[in-house]
Amino acid sequence: MRFQQFLRNAGTSALALAALLVAWEIAARVTRLNPSIFPPPSAIGRTLLRLAEPSGGRSILGLDIVSSLLRLGLGLAIGAPVGLALGLAAGINRYARSIVHPLVNVLIPVPPYAWVPLLLVWLGPGNATITAATALSAALPLAYTTMAGVRGIDRLQVWAMESLGGDKRDVIRHVILPGALASILAGLRLSLGQSWRTLIGAEFLAARDSGLGFLIYHAQQFLAVDTMFAGLVTLGVLGFFLIYWLVTVIEDRTVVRWGVMTRR
């Protein structure tokens, strides 16, 4: 039943996307717009194929995708554990909360991309600046949602575990982590989305030779609009699989299967 619903939703989305592309193609041809400024989907598709085609033993688009994904993975590997640890600490311990809660609330309204110029001064252009901005954007949403999830756990569950002889580690393992998992996964979805956007923005300014942000930004300098659109299409496809599909699979195998969360 779930697979059939997925197919129906995917079919509806595919039809809507196809209708948009057809309308775009017709508009680009009928109105005789300058194809170098407003390229039709067919031209963007050809550019995608050209960029993906191996040249000199490697694909330009493939190299940019791998570079961006590696930076994203490194930023998440640094930022997500930090955010999770801060959120758990602030949710469990009131002294930690008195430090973490105001700090997170002050930093969250600041767009992570706004840190990039400062990080460029401190770390210089390159992977260090991009990774630091990505890690920061991953840590804050996860810390906030984890803290809220832990604070929302019923104290009766904690007291029940303690009355059965459970120590602090047992409470965290069997009560707090399962009880806050839905909030943690929601924070992971937010962290992935914000990290992905921050990564591309940071690559505009700090990437030296590769990355999807680098590809789009340098294509703009040469008015290669078809290449810019090709980069945007790649960003959208990868972002969909990272932010929606991947996290949805994790949710289905954990909180949905355990009955903590339901799908509509």
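Keep in mind the model is a prediction, meaning the values are calculated, not measured. (Residues numbered from 1 in each chain as written. Predicted model: local features only at pLDDT ≥ 70, side-chain atom pairs only at ≥ 80, totals over all residues. Heavy atoms only, no water.)

Caption draft 1: View of the pattern of salt bridges. Counted by the stated rule, this structure contains two salt bridges. In this structure, Glu 25 and Arg 29 form a salt bridge, with 2.7 Å as the shortest nitrogen-oxygen distance. Of this pair, Glu 25 and Arg 29 both sit in helix 1 (residues 2-30), four residues apart, which is roughly one turn of that helix. The class for Arg 29 is exposed, based on a relative accessible area of 53%. In this structure, Arg 71 engages Glu 203 in a salt bridge whose closest nitrogen and oxygen atoms are separated by 2.8 Å. Here Arg 71, found in helix 3 (residues 60-92), pairs with Glu 203, found in helix 8 (residues 168-206); they are 132 residues apart in sequence, far enough to count as distant. (Salt bridge = Lys/Arg side-chain N within 4 Å of Asp/Glu carboxyl O. Helix = DSSP H or I, 4+ residues; strand = E, 2+ residues; numbered from the N terminus. Buried < 20%, exposed > 50% of the residue type's maximum accessible area, 1.4 Å probe, protein only.)

Caption draft 2: Layout of helix 6 (residues 127-151). Between its terminal C-alpha atoms helix 6 stretches 36 Å, which fits the 36 Å expected from 25 residues at 1.5 Å a residue. Of all 25 residues in helix 6, 18 are buried, a share of seventy percent or more. (Expected span 1.5 Å × (residues − 1).)

Caption draft 3: Spatial organisation of the layout of surface pockets. There is about 270 Å³ of room inside the second largest pocket. At the level of secondary structure, the elements contributing two or more residues to the lining of the second largest pocket comprise helix 3, helix 4 (94-107), helix 6, helix 7 (155-163) and helix 8. (1 Å grid on protein atoms, 1.4 Å probe; cavity = no way out; pocket = protein on both sides within 12 Å on 5 of 7 lines; lining within 4 Å. Points joined across faces, edges and corners; volume = space filled by probe spheres on them.)

Caption draft 4: Up close: the packing of helix 8 against helix 10 (residues 225-253). As a packed pair, helix 8 and helix 10 sit with axes 10 Å apart at the nearest point and diverge in direction by 165 degrees. It follows that helix 8 is roughly antiparallel to helix 10 by the angle criterion. The crossing of helix 8 and helix 10 is right-handed. Side by side, helix 8 and helix 10 meet where Leu 185, Leu 188, Arg 189, Leu 192, Gly 193, Trp 196 and Ile 200 of the first sit next to Leu 235, Leu 238, Gly 239, Leu 242, Ile 243, Tyr 244, Val 247, Thr 248, Ile 250 and Glu 251 of the second. Looking at the contact of helix 8 with helix 10, its residues break down into twelve nonpolar, three polar and two charged. (Axes fitted to C-alpha atoms, helices over the stretch in contact; angles between N-to-C directions. Parallel < 35°, antiparallel > 145°, perpendicular 65-115°, else oblique. Left-handed = near helix turned anticlockwise from the far one by under 90°. Contact = heavy atoms within 4.5 Å. Nonpolar A, V, L, I, M, F, W, Y, C, P; charged D, E, K, R; others polar.)

Caption draft 5: Structural view of the packing of helix 6 against helix 8. It is at 7 Å that the axes of helix 6 and helix 8 come closest, and there the two elements cross at 160 degrees. For the element pair helix 6 / helix 8, the angle class is roughly antiparallel. Crossing handedness for the pair helix 6 and helix 8: right-handed. Across the contact of helix 6 with helix 8, the residue classes break down as 14 nonpolar, twelve polar and one charged.

Caption draft 6: Quick look at the side chain of Thr 47. Secondary-structure assignment places Thr 47 in helix 2 (residues 41-52). Not counting residues within four places of it along the chain, the set of residues in contact with Thr 47 comprises Asp 226, Thr 227 and Ala 230.

Caption draft 7: Structural view of the side chain of Thr 198. Position of Thr 198 among the secondary structure elements: in helix 8. Once you skip the residues sitting within four places of it in the chain, Thr 198 turns out to touch Pro 112, Tyr 113, Ala 133, Thr 134 and Ser 137.

Caption draft 8: Layout of the packing of aromatic side chains. In the structure shown here, the tally under the stated rule is five aromatic pairs. Taking the centre distance of 5.5 Å and the plane angle of 80 degrees together, the rings of Phe 240 and Phe 241 count as edge-to-face. (Phe/Tyr/Trp six-rings, centres within 6.5 Å; stacked < 30°, edge-to-face > 60°.)

Caption draft 9: Spatial organisation of the nonpolar core. Counting residues in each nonpolar core, the largest one holds 27 residues, and the members touching the most others are Leu 61, Leu 72, Ile 130, Trp 196, Leu 199, Leu 212 and Leu 235. Among the elements of the structure, helix 3, helix 5 (116-123), helix 6, helix 8, helix 9 (212-221) and helix 10 are those that each provide at least two residues to this core. Setting aside residues up to four positions removed in sequence, Leu 212 forms contacts with Leu 61, Asp 64, Ile 65, Ser 68, Trp 196, Ile 200, Glu 203, Thr 234, Leu 235 and Leu 238. Among the nonpolar cores identified, the runner-up in size contains twelve residues, and Met 161, Val 171, Ile 176 and Ile 184 belong to it. (Core = buried A, V, L, I, M, F, W, Y, C linked by side-chain atoms within 4.5 Å.)

Caption draft 10: Spotlight on helix 2. Counted at 1.5 Å a residue, the expected span for helix 2 with its twelve residues is 16 Å, and the 16 Å between its end C-alpha atoms agrees. Along helix 2, the positions that sit buried rather than exposed are Pro 41, Ala 43, Ile 44, Thr 47 and Leu 51. Axial view of helix 2: buried residues confined to an arc of 155 degrees, hence all on one face. Every exposed residue of helix 2 that faces more than 90 degrees away from the buried side is listed here: Arg 46 and Leu 49. (Arc of directions from axis to C-beta.)

Caption draft 11: Examining a nonpolar patch on the surface more closely. A grouping of Val 233, Val 237, Phe 240, Phe 241, Tyr 244, Trp 245, Leu 246 and Ile 250 is seen on the molecular surface, where their side chains present a nonpolar patch of about 730 Å² in accessible area. Here Leu 246 lies in helix 10. (Patch = residues over 30% accessible without salt bridge, like charges linked within 9 Å, V, L, I, M, F, W, Y side chains within 5 Å. Areas by Shrake-Rupley, 256 points an atom, 1.4 Å probe, with all protein chains shown as cover.)

Caption draft 12: A look at unusual backbone geometry. Backbone geometry places Leu 223, a non-glycine residue, at a positive phi of 55 degrees. Mapped onto the fold, Leu 223 is located in the loop between helix 9 and helix 10. Judged by relative accessible area, Leu 223 falls into the exposed class, the value being 60%.

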